[in-house]
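Topology and contacts: notes
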Amino acid sequence: MNDPRVTQLLHDLALADGDILAIVEATRALIYSHVPTASERVMYGGLMFGDASDFCGVFAYKNHVSLEFGRGCDLQDVAGVLEGGGKFRRHIKLMQVADLEAKSVAQYIVQAHAL
């Protein structure tokens, strides 16, 4: 977790928008709490998380953070929060830190990692 590119991206987010950074940091913490062996790297302008293979990505936008799943089509959407109509990819929009709990994000992280 000492990748200088990750550190720089987080620093840039802090300068741009502290609220968005708070959502990114809370999402990172949630991912690591459920997948402590995960690694992260900067890719596609956001953070990609992997273990044996990539299982999700966290991307900051102007008004929200997107938690994206490359094989989101295979996730059980019990909470009904997955968005996206593509063949494979799905995402969850996070507008505030409280959305992590309100949208039951942990279950999606666990499922994606298990794929």
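Summarised in this report is the structure supplied together with it. The structure presented is a predicted model; accordingly, all values stated were derived computationally and were not measured. (Residues numbered from 1 in each chain as written. Predicted model: local features only at pLDDT ≥ 70, side-chain atom pairs only at ≥ 80, totals over all residues. Heavy atoms only, no water.)

Let's shift gears to the pattern of salt bridges. Under the defined criterion, the tally for this structure stands at 5 salt bridges. Put simply, Glu25 and Arg28 hold a salt bridge, and the shortest N to O gap is 2.5 Å. Highlighted residues: Glu25 and Arg28, both in helix 2 (residues 18-34), separated by 3 residues, approximately one helical turn. Classification of Glu25 by relative accessible area gives partly exposed; the value is 33%. Of the charged contacts in the structure, one is a salt bridge between Asp74 and Arg71, with a shortest N-O distance of 2.7 Å. Note on Asp74: relative accessible area 38%, which makes it partly exposed. Through salt bridges with shared partners, one network takes in Glu25, Arg28 and Glu40. (Salt bridge = Lys/Arg side-chain N within 4 Å of Asp/Glu carboxyl O. Helix = DSSP H or I, 4+ residues; strand = E, 2+ residues; numbered from the N terminus. Buried < 20%, exposed > 50% of the residue type's maximum accessible area, 1.4 Å probe, protein only.)

Okay, the pairing of strand 2 (residues 46-50) next. Among the 5 residues in strand 2, 5 count as buried, and that is most of the element. Direction of pairing for strand 2 relative to strand 3 (residues 54-60): antiparallel, over a ladder of 4 bridges. Following the sheet pairing, Met48 is matched in strand 3 by Gly57. Here strand 2 folds back onto strand 3 in antiparallel fashion, the turn holding 3 residues. (Pairing = 2+ DSSP bridges.)

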